Amino acid sequence: MARLSLLLMLVASLLLSSCGFHLRGDLPLSHFPAMYIQSDRHSELAALVSERLSYNKVQVLDSYQQAAPMLQLQSDTLERRTLSLFPNGQVAEYELIYKVRYQLTMPDGEPQPYQFELYRDYQDDPNQALAKAKELELMLDELRQQAANRILRQLARLH
């Protein structure tokens with residue numbers, strides 16, 4: 001019985017490793033020993049990406065160096081689209097659209113543009129304005145976290 005369970009664990013680990021499965025958090029970014037991030041001065045998304053790169057043992061450079069890749073965070077914007085209305089005509093529900101545009105320039109290479117959108121539904125209630133403002137702030141933080149994770153996953157796919 002012990003041999004059978006050992007054999008099953010061995011087969012499962014071989015299958016997982018052969019399909020490219022990696023635990024979240026530690027990404028294979030060894031092909032990026034150092035990187036420069038260019039963004040707006042107080043970009044929260046840039047801070048999150050920088051934090052995740054450092055966690056994954058990528059040195060984040062203070063200034064641009066030609067021998068290192070440059071990640072340029074061009075824009076991250078939040079848009080709202082009305083999904084439904086209350087009977088009195090006020091907006092009841094929005095769809096939040098978080099758009100991110102960035103490009104990666106490898107040493108001696110052409111800039112490669114990337115963009116993506118993340119979506120969330122947001123129910124508004126004018127009687128709970130303060131609570132809804134806080135909820136919107138939390139949702140935006142969550143969208144930024146997901147965007148930073150997505151950028152790192154994209155970087156990990158490049159070899």
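For every chain, the first residue of the written sequence is number 1, and numbering continues from 1 along that sequence. Residue-level local features of this predicted model are given only where pLDDT is at least 70; pairs of side-chain atoms are given and counted only at 80 or more, and the full residue set underlies all totals for whole chains, interfaces and linings. Side-chain metrics rest on all non-hydrogen atoms present in the structure, leaving aside hydrogens and water.

> It is not clear to me how the sheet that holds strand β5 (residues 112–123) should be interpreted in this structure. Could you clarify?
What links the strands of a sheet is backbone hydrogen bonding, and the strands pair in either a parallel or an antiparallel sense. As summarised here, the arrangement of the 5 strands in space is β2-β1-β3-β4-β5, forming an open sheet in which the pairing is mixed. The outermost strands of the open sheet, each flanked by one partner alone, are β2 (59–61) and β5. The mean inter-strand angle of the sheet, taken between neighbouring strand axes irrespective of direction, is 30 degrees. Pairing between strands is defined by DSSP: at least two bridges between them are needed. Here a strand is any run of E in DSSP of at least two residues, a helix any run of H or I of at least four, and the numbering for each starts at the N terminus. Relative to strand β4 (residues 91–105), strand β3 (residues 70–85) is paired through 14 bridges, and the arrangement is antiparallel. Within β4, the residue paired with T82 across the bridge is Y94. The criterion used for residue contact is that any of the two residues' heavy atoms lie within 4.5 Å. Here an angle of 0 to 180 degrees is reported between the N-to-C directions of two axes, which are lines fitted to C-alpha atoms, with helices fitted over the stretch in contact. The sheet contacts of helix α2 (residues 44–55) involve β1 (34–38), β2, β3 and β4, and relative to β1 the element is tilted by about 175 degrees. Its contacts with the sheet place helix α3 (residues 129–157) against β1, β3, β4 and β5, and it is angled at close to 150 degrees to β5.

> Got a minute to help me understand unusual backbone geometry in this structure?
Backbone geometry follows two general trends: most residues other than glycine have a negative phi, and most peptide bonds adopt the trans configuration. Here the phi dihedral of K57 falls at roughly 65 degrees; this positive angle occurs in a residue that is not glycine. Among the secondary structure elements, K57 is positioned in the loop between α2 and β2. Phi is positive for D108, which is not a glycine, with a value near 60 degrees. Looking at the element boundaries, D108 is found in the loop between β4 and β5. A residue is classified by how much of its surface remains accessible, and D108, at 87% relative accessible area, is exposed. Per-residue accessibility, obtained with a 1.4 Å probe over protein chains only, is compared with the maximum for each type, and a residue is labelled buried under 20%, exposed over 50%, and partly exposed between these values.

> Teacher, can you tell me more about the environment of K132 here?
Residue position: K132 is located in helix α3. A relative accessible area of 17% means that K132 is categorised as buried. Placed 10 residues apart in sequence, K132 and Y122 show a C-alpha to C-alpha distance of 9.0 Å. Look past the residues within four positions of K132 in its chain and what remains in contact with it is Y122, Q123, D124 and D125.

> Looking at this structure, I do not really get the packing of aromatic side chains. What am I missing?
Within a pair of aromatic rings, the relevant descriptors are the distance that separates the centres and the angle that separates the planes. For this analysis, a ring pair means two rings from Phe, Tyr or Trp (six-membered ring only for Trp) whose centres lie within 6.5 Å, classed as stacked if their planes differ by under 30 degrees, edge-to-face if by over 60, and tilted for the remaining angles. Counting across every chain of the model gives 4 aromatic pairs. Ring centres of Y102 and Y114 lie 5.2 Å apart, and the angle between their planes is 20 degrees; this geometry places the pair in the stacked category. You can see Y102 sitting in strand β4 and its partner Y114 sitting in strand β5, a full 12 residues away along the chain. Given a relative accessible area of 21%, Y114 falls into the partly exposed group. Between the NZ or CZ atom of K132 and the centre of the ring of Y122, over which it lies, the distance is 5.8 Å. We call a charge positioned above a ring when the Lys NZ or Arg CZ atom is no farther than 6 Å from the ring centre and deviates by at most 35 degrees from the ring normal.

> Explanation requested: the pattern of salt bridges in the structure shown.
Side-chain pairs of opposite charge can arise whenever the charged atoms involved come near each other. The salt bridge criterion pairs a side-chain nitrogen of Lys or Arg with a carboxyl oxygen of Asp or Glu, the two atoms within 4 Å. All told, the structure shown has 8 salt bridges when counted by the stated rule. Here R120 ties to E142 by a salt bridge, and the two come within 3.1 Å at their closest N and O atoms. Highlighted residues: R120 in strand β5 and E142 in helix α3, separated in sequence by 22 residues. The partly exposed category is assigned to R120, whose relative accessible area is 22%. Between E137 and K134 there is a salt bridge, with its nearest N and O atoms 3.7 Å apart.

> Help me out: how do you make sense of the environment of D40 in this one?
As for its placement among the helices and strands, D40 is situated in the loop between β1 and α2. On the basis of relative accessible area, D40 is assigned to the exposed category, the value being 57%. Spatially, the C-alpha atom of D40 lies 7.9 Å from that of L73, the residues being 33 residues apart in sequence.

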